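What follows is each chain in one-letter form.
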Amino acid sequence: MKSALIASNPEILSGTPVFAGTRVPVKNLTDYLEGGESIDEFLDDFPTVTREQVIRFLEEAREKLTEHAA
């Protein structure tokens, strides 16, 4: 069974979706990537997020996009 990837709790950043076990909003990753930053730069700036979380997030996002396109 997969562990939770994203958490949303009204007690943490007013319910903003964050990487589970951290206080890092998922939007921070997408902002970095949109701005041309690398995953390594994101991970350097947010060391509580693991590479595995980032890769899993991107894989799940890709799956969601491709299942809607099919």
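This text follows the structure it describes.
Remember, it's a predicted structure, so these values are computed and weren't measured experimentally.

Novice: How would you explain the overall build of the protein chain if you had to name every residue and give the values?
Specialist: Looking only at helices and strands, the protein chain features 3 helices and 2 strands. Secondary structure elements of the protein chain, listed N to C terminal, follow the sequence β-β-α-α-α. Viewed in the frame of its principal axes, the protein chain has a C-alpha envelope of about 35 × 25 × 20 Å. Long-range contacts, defined as pairs at least 24 residues apart, comprise 31% of the intrachain contacts of the protein chain with a sequence gap of at least 6. Distance from the positive charge centre (7 side chains) to the negative charge centre (13 side chains) of the protein chain: 6 Å.

Novice: Give a detailed account of the packing of aromatic side chains, specifying residues and quantitative values.
Specialist: The geometry of an aromatic ring pair comes down to the distance between the two centres and the angle between the two planes. Summed over the entire model, instances satisfying the criterion amount to 5 aromatic pairs. Centre to centre, the rings of Y32 and F46 are 5.7 Å apart; their planes meet at 70°, and the pair counts as edge-to-face. Of this pair, Y32 sits in helix α1 (residues 26-34) while F46 sits in the loop between α2 (39-45) and α3 (51-69), placing them 14 residues apart in sequence. An identical accessibility class is assigned to Y32 and F46; each is buried. When the ring of F42 is compared with that of F46, the centres are 5.0 Å apart and the planes differ by 35°; the resulting orientation is tilted. Its relative accessible area of 0% is what places F42 among the buried residues.

Novice: Hey, could you go over α1 for me, with residue numbers and the actual values?
Specialist: Every buried residue of α1 is listed here: V26, L29 and Y32. Buried residues along α1 cover an arc of 125° about the axis, so they all sit on one side. The exposed residues of α1 that point more than 90 degrees off its buried face are K27 and E34.

Reading guide: rules and limits
Residues numbered from 1 in each chain as written. Predicted model: local features only at pLDDT ≥ 70, side-chain atom pairs only at ≥ 80, totals over all residues. Heavy atoms only, no water. Helix = DSSP H or I, 4+ residues; strand = E, 2+ residues; numbered from the N terminus. Contact = heavy atoms within 4.5 Å. Lys, Arg positive; Asp, Glu negative; His and termini not counted. Charge placed at Lys NZ, Arg CZ, Asp CG, Glu CD. Phe/Tyr/Trp six-rings, centres within 6.5 Å; stacked < 30°, edge-to-face > 60°. Buried < 20%, exposed > 50% of the residue type's maximum accessible area, 1.4 Å probe, protein only. Arc of directions from axis to C-beta.

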